[in-house]
Protein chains: 2
Amino acid sequence: MTLNPADDTFAARLRQTLPEAVFRPAEPRYLEEPRGRWSGQCGLLALPRNVDEVAALVRAAAEVRVPVLPYGGGTGLVGGQIMSDGPAPLIVSLERVAAIRGVYPTENVLIAEAGAILAEVQAAAAEAGRLFPLSLAAEGTARIGGNLSTNAGGTGVLRYGNARDLCLGLEAVLPDGRIWHGLSRLRKDNTGYDLRDLLIGAEGTLGIITAATLKLFSRPAGEGTALFVVPDPQAAIDLLSLARDRLGEGVSAFELIAGQGLRFLADELPDIRQPFATPPDWCVLIELGLSRGLDPEEALAGLFEAALERDLTSGGLIAQSEGQRAAFWAVREQIPAANRRIGAVSSHDISVPISRIPEFIAEGDRIVAGLGDFRVNCFGHLGDGNLHYNVFPAPGRSKADHVNQRDAVKYAVHDLVHSMGGSVSAEHGIGRLKVEDLERYGDPVKLDAMRAIKAALDPLGIMNPGAVLRA
Amino acid sequence: MTLNPADDTFAARLRQTLPEAVFRPAEPRYLEEPRGRWSGQCGLLALPRNVDEVAALVRAAAEVRVPVLPYGGGTGLVGGQIMSDGPAPLIVSLERVAAIRGVYPTENVLIAEAGAILAEVQAAAAEAGRLFPLSLAAEGTARIGGNLSTNAGGTGVLRYGNARDLCLGLEAVLPDGRIWHGLSRLRKDNTGYDLRDLLIGAEGTLGIITAATLKLFSRPAGEGTALFVVPDPQAAIDLLSLARDRLGEGVSAFELIAGQGLRFLADELPDIRQPFATPPDWCVLIELGLSRGLDPEEALAGLFEAALERDLTSGGLIAQSEGQRAAFWAVREQIPAANRRIGAVSSHDISVPISRIPEFIAEGDRIVAGLGDFRVNCFGHLGDGNLHYNVFPAPGRSKADHVNQRDAVKYAVHDLVHSMGGSVSAEHGIGRLKVEDLERYGDPVKLDAMRAIKAALDPLGIMNPGAVLRA
């Protein structure tokens, strides 16, 4: 069975039932992705204004077997939003289905349409005196439907979970064009299979999420941020245990930063203020969000003393103002920008069981050193066991000098991750970039179950074909 | 396509490949369920000792299309563990696949086999200085595989989530007898569809969970428990908001108790010490679990004062000892036992959006009063929007007097719940008791998707046939 392109005949057919305003020529941004590895193609771009128009588009595509490419903010890092070959797809952008449908502070619930930008969802929650804790670098552009379709992670996972954990219900258009009305505001509902979590993380291959019920949280009464220098990754892990023993869920973020990352930042983005006169080999950014009666600065000072006693830190900085807190975060958040300027030979979004992180870093460095003269910048969400382990050329060389080594580096790192019970895609998903990795490392029984589910829900194979599973 | 009974021929066939020790005559307990509404049948009882034996049993059943009934602790309240008609099943009890495979305190992770009793899992976590927060009345008998298969709720959901939220990975035997090795210890892993959450809550209809990776938590440094008298359910909800604004995740439980429940307890279980001289119409049990630096009794006293100022309470008791804490919990936890002695005309495990609870209770009482001379005991997990809304005969009458009204009461309550965007099975699941309710109230698009998934993963229809979906 083959798919057909979204050609002029198909466009003419759609225009008979949907208003002209739904269609627009595809600007280049719909055909690009952040890493610039692919450029996409587009038969027809549709910007539906509501779920019924989304459903009409999918129904029409199903009738003549045209591939449908759901499009959110376009910030995905694994090519899930880009089809560079095969029949030209119908791109369905959710950007106009973007309302906040309702906020229910008493219930700690917010209902947002898929096209709402993540930062707007955060702002709507804040306006109601609540917190929507999903937070990631692309939050000013990424849309909540895409965040859910990719089960986005970010810096809030340690305390609040992944996007999956922040969703109570969905409205979605399934591959046959029917609408599932599942926008539950319930915390408990055990009536049948968990279709919600099946669509979350399916990267648009099982349907199009059009709206979601999201969980909100109380805002912490006080927040504090610190940078602690740690002797090594093991000490960082022990420091996290110590912090949680003392402060429980009050630990909101725990990010590892390597000296290499600070040096890249100093070289590439000298305007970002460096926290330490000399970059330490390792430091961690700790954020606390505490309830009434606890002072975050005092709690951080107490934690520092306890850590010092146990040789888990040799120095630290506790932010004394909101400005300093923002400055500490800027260090963490600008590291990816510095990385991009240098240009990685190979980037890896990996996770391993937390207790095995020191072993992974040591062994990874040894393996990478054996492959050539590289620099490693390893940083990220230590508390989740999720590191961005990125390999860069030596000073004076560029990634172009190492194109033919990219796969060797990637497989060496991924083989190590896999051997340690880890994941080769911790938070970015599979998209099209990692289809082969999934086939290589995935459990074969799970893969067969995934294929069976895909065939059952999308028998025509029109939904984002080629993403996650080979088309 | 019809199923075949697990008859002598089948038993003989199994005995060729599996040791005799795996089989045992089925004692009555395998054929009973707590509410005594059904008695089950059994062609053959198997007690496999490891996942390979579970797989061999399922493979053999698939070969000759014999129904497989997975069996945990037998505490389910909706008949998911009982087949009373159709071909006699192969009952696969997981009670011998019950080891704690590993505890990883640094990772806040524990791996338990499906047959481990919930209380044993809690104890293993406690021994490692950690908390496994799933907690429910049947925890001394229920097994973790069943807890996950039914996505169990209980009193810890408010802070820690349902069973689903406490699981990182699974090992399971799928309906074709193959083993999915998914015991991930990872907090982040975005490699493909969420098979874990599909099996969780599927009540054994998509496979048999044989082991699970579970999330552990830091133990709170201090705990406190109180009973606050509230004027009405709305005040209880406002009190919960107030408590969370002050204490965030420190609020560990928030349970509504009706005067009717206290009176039932006084009548039926007079040994349970009554907390109030005169039962108030409504009270709430609040539990706090706080981190270092906060005193739970002080926090409860502060909350009480703030609530008093806002007319959200008229009196309260703050436990002054562990003994008093246990006594307050005994009141809450013995209410179901008192209910059983009286005998409900109809019991309802429902949830509605939290802000609509006062309206639900008022309207429910009005509707039930219109149906006859009944007493309502409404209690439960208010913070989750989950109430056990149970209808009892008037004093001097018994449930036997109202058998022919049971359906009318049930549908009246469920129609109301459904009209308010609620669920007719908040935490107990569908089993066989609520298959018709699911068909009546479930979203038809979701139901079709469920049927397609069932057919894709269990094309022979052998896994717990008749549960969740009509066979």
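Rules and cut-offs
- Residues numbered from 1 in each chain as written.
- Chains lettered and ligands numbered in written order.
- Predicted model: local features only at pLDDT ≥ 70, side-chain atom pairs only at ≥ 80, totals over all residues.
- Heavy atoms only, no water.
- UniProt positions renumbered as here; feature names shortened; annotations may be inferred.
- Patch = residues over 30% accessible without salt bridge, like charges linked within 9 Å, V, L, I, M, F, W, Y side chains within 5 Å.
- Areas by Shrake-Rupley, 256 points an atom, 1.4 Å probe, with all protein chains shown as cover.
- Salt bridge = Lys/Arg side-chain N within 4 Å of Asp/Glu carboxyl O.
- Lys, Arg positive; Asp, Glu negative; His and termini not counted.
- Charge placed at Lys NZ, Arg CZ, Asp CG, Glu CD.
- Helix = DSSP H or I, 4+ residues; strand = E, 2+ residues; numbered from the N terminus.
- Phe/Tyr/Trp six-rings, centres within 6.5 Å; stacked < 30°, edge-to-face > 60°.
- Buried < 20%, exposed > 50% of the residue type's maximum accessible area, 1.4 Å probe, protein only.
- Lys NZ or Arg CZ within 6 Å of the ring centre and 35° of its normal.
- Contact = heavy atoms within 4.5 Å.
- Least-squares fit on C-alpha atoms with pLDDT ≥ 70 in both.
- Domains from an automatic or database assignment.
- Buried area = accessible area lost by both parts, 1.4 Å probe.
- Polar contact = N/O pair within 3.5 Å; in protein donor to acceptor, adjacent residues only side chain to side chain.
- Nonpolar A, V, L, I, M, F, W, Y, C, P; charged D, E, K, R; others polar.
- Pairing = 2+ DSSP bridges.
- Axes fitted to C-alpha atoms, helices over the stretch in contact; angles between N-to-C directions.
- Expected span 1.5 Å × (residues − 1).
- 1 Å grid on protein atoms, 1.4 Å probe; cavity = no way out; pocket = protein on both sides within 12 Å on 5 of 7 lines; lining within 4 Å.
- Points joined across faces, edges and corners; volume = space filled by probe spheres on them.

- As named in an unreviewed UniProt entry, chain A is FAD-binding oxidoreductase, taken from Antarcticimicrobium luteum.
- In its Cofactor (unreviewed entry) section, UniProt records this for chain A: "FAD".
- Under Sequence similarities (unreviewed entry), UniProt gives the following word-for-word description of chain A: "Belongs to the FAD-binding oxidoreductase/transferase type 4 family."

**Some words on a positive patch on the surface**
Move 1: Taken together, the side chains of Arg35, Arg37, Arg340, Lys399 and Arg406 of chain A make up a positively charged region of the molecular surface.
Move 2: Checked against the element boundaries, Arg37 of chain A lands in the loop between helix H1 (8–17) and strand E1 (44–46).

**Details of the packing of aromatic side chains**
All names here are of chain B.
Move 1: What the rule picks out here adds up to 10 aromatic pairs over all chains.
Move 2: A ring pair is formed by Phe228 and Phe304, whose centres lie 5.3 Å apart and whose planes are at 80°; its orientation type is edge-to-face. Highlighted residues: Phe228 in strand E11 (residues 222–229) and Phe304 in helix H9 (residues 296–309), separated in sequence by 76 residues.
Move 3: On the accessibility criterion, Phe228 (0% relative accessible area) is buried.
Move 4: In this arrangement the basic side chain of Arg185 is found over the ring face of Tyr104, its NZ or CZ atom lying 3.9 Å from the centre.

**Focus: the environment of Ser135 of chain B**
Residue and element names in this part refer to chain B.
Move 1: Here Ser135 lies in the loop between strand E6 (130–131) and helix H4 (144–149).
Move 2: Between the alpha carbons of Ser135 and His388 there is a distance of 16 Å; along the sequence they are 253 residues apart.
Move 3: With residues near it in sequence (within four places) discarded, Ser135 still touches Gln122, Gly153, Gly154, Thr155 and Gly156.

**Overview of the UniProt feature "domain: FAD-binding PCMH-type" (unreviewed entry) in chain A**
Move 1: Feature annotation in UniProt assigns "domain: FAD-binding PCMH-type" (unreviewed entry) to the following positions: residues 31–219 of chain A.
Move 2: Split by type, residues 31–219 of chain A is 21% helix and 23% strand. Its first and last C-alpha atoms lie 38 Å apart.

**Quick word on the relation of the copies chain B and chain A**
Note: a rotation about an axis with an accompanying shift along it relates these two copies of the chain.
Move 1: If you rotate chain B by 180° and push it 0.0 Å along the axis, it lands on chain A with an RMSD of 0.0 Å. Taken together, the rotation and translation relating the two chain copies correspond to the operation of a two-fold axis.
Move 2: In this assembly the copies share their binding face: 100% of the residues contributing to the interface of chain B also contribute to that of chain A.

**Remarks on the domain arrangement of chain A**
Often, the extent of an interface is quoted as the loss of accessible area upon association of its parts.
All names here are of chain A.
Move 1: As far as domains go, chain A holds domain 1 (8–95), domain 2 (100–218), domain 3 (221–339) and domain 4 (343–428).
Move 2: Centre-to-centre separation of domain 1 and domain 2, based on C-alpha positions: 22 Å.
Move 3: Around 1,300 Å² of area is buried between domain 1 and domain 2 when both sides are counted, 73% of it from carbon and sulfur atoms.
Move 4: Sorting the residues of domain 1 by area buried against domain 2 places Val51, Thr75 and Leu94 first, and these three jointly supply 34% of that buried surface.
Move 5: The interface formed by domain 1 and domain 2 contains zero residue pairs in polar contact (both at pLDDT 80 or more).

**A look at the side chain of Asn190 of chain B**
Move 1: Position of Asn190 of chain B relative to the elements: it lies in the loop between strand E8 (179–182) and helix H6 (195–199).
Move 2: If we ignore the near neighbours within four places in the chain, the residues touching Asn190 of chain B are Thr150, Asn151, Ser423, Ser425, Ala426, Glu427, His428, Gly429 and Ile430 of chain A.

**Some details on the interface of chain B and chain A**
Move 1: Contact residues are listed per partner, giving 82 residues for chain B and 82 residues for chain A.
Move 2: Interface of chain B and chain A: buried area, both sides summed, is about 6,900 Å²; carbon and sulfur atoms make up 55% of it.
Move 3: It is Lys188, Asn190 and Tyr193 of chain B in chain B that bury the most area against chain A; as a group they hold 16% of the surface buried on that side.
Move 4: Where chain B touches chain A, the interface holds 12 salt bridges.
Move 5: A salt bridge links Lys188 of chain B to Asp384 of chain A, with the shortest nitrogen-to-oxygen separation between them at 3.4 Å.
Move 6: Inspection of the region where chain B meets chain A yields 46 residue pairs in polar contact (both at pLDDT 80 or more).
Move 7: Mapped onto the side of chain B that touches chain A, the elements with two or more residues apiece are helix H5 (157–160), E8, H6, helix H7 (233–247) and helix H14 (444–457) of chain B.
Move 8: For the side of chain B that touches chain A, the element with the highest residue contribution is H14 of chain B, accounting for 11 residues.
Move 9: In terms of residue class, the side of chain B that touches chain A is built from 30 nonpolar, 28 polar and 24 charged.

**With respect to the pairing of strand E5 (residues 109–113) of chain A**
Residues and elements named next belong to chain A.
Move 1: Of all five residues making up E5, five are buried, and the element is well covered by its neighbours.
Move 2: Of the two faces of E5, the one holding Val109, Ile111 and Glu113 and the one holding Leu110 and Ala112 are both buried throughout.
Move 3: Of the pairings in the sheet, the one linking strand E4 (residues 100–104) to E5 comprises four bridges and is antiparallel in character. The residue of E5 that forms the bridge with Ile100 is Ala112.
Move 4: If you look at the hairpin formed by E4 and E5, you'll find four residues sitting between the two strands, and Asn108 has a positive phi there, around 55°.
Move 5: In this structure, E5 lies alongside strand E9 (residues 208–215), joined through five bridges in antiparallel fashion. Looking across to E9, one finds that Leu110 is bridged to Leu214.

**Observations concerning the sheet that holds strand E3 (residues 90–93) of chain A**
Residues and elements named next belong to chain A.
Move 1: Strand order in the open sheet formed by three strands is E1-E3-E2, with parallel pairing between adjacent strands. Each edge of the open sheet is held by one strand with a lone partner, namely E1 and strand E2 (68–71). Put simply, the sheet's adjacent strands are angled 20° from each other on average, direction ignored.
Move 2: In this structure, E1 lies alongside E3, joined through three bridges in parallel fashion. Residue pairing in the sheet places Leu45 in a bridge with Ile91 of E3.
Move 3: Contacting E1 and E3, H1 runs over the sheet at an angle of about 25° to E1.

**Points about H7 of chain B**
One turn of an α-helix holds 3.6 residues; hence residues three or four places apart share an orientation.
Residue and element names in this part refer to chain B.
Move 1: Here H7 spans 21 Å end to end across 15 residues, near enough to the 21 Å set by a 1.5 Å rise per residue.
Move 2: The element H7 is extensively covered by neighbouring structure, given that 12 of its 15 residues are classed as buried.
Move 3: By the burial criterion, the buried members of H7 are Pro233, Ala235, Ala236, Ile237, Leu239, Leu240, Ser241, Leu242, Ala243, Arg244, Arg246 and Leu247.
Move 4: Gly248 sits one or two residues past H7 and shows a positive phi near 50°.

**Describing empty space enclosed by the protein**
Move 1: Using the criterion set out here, one finds two cavities of 30 Å³ or more in the structure.
Move 2: Ranked by the residues each element gives to the lining of the largest cavity, the list is headed by helix H7 (residues 233–247) of chain A, at five residues.
Move 3: Its residues assigned to classes, the lining of the largest cavity shows four nonpolar, four polar and three charged.
Move 4: In this structure, the second largest cavity spans a volume of roughly 60 Å³.
Move 5: As for the second largest cavity, its lining consists of Pro105, Thr106, Asn108, Arg130 and Ser218 of chain A together with Leu240, Ser241, Arg244 and Asp245 of chain B.

**Structural notes on the pairing of strand E11 (residues 222–229) of chain A**
All names here are of chain A.
Move 1: Of all eight residues making up E11, seven are buried, and the element is well covered by its neighbours.
Move 2: Where E11 lies against strand E13 (residues 282–290), eight bridges are found, and the strand directions are antiparallel. Of the residues in E13, the one forming a bridge with Gly222 is Leu290.
Move 3: Here E11 runs beside strand E14 (residues 315–318); their pairing, made up of four bridges, is antiparallel. For Ala226, the partnering residue across the bridge sits in E14 and is Ile318.

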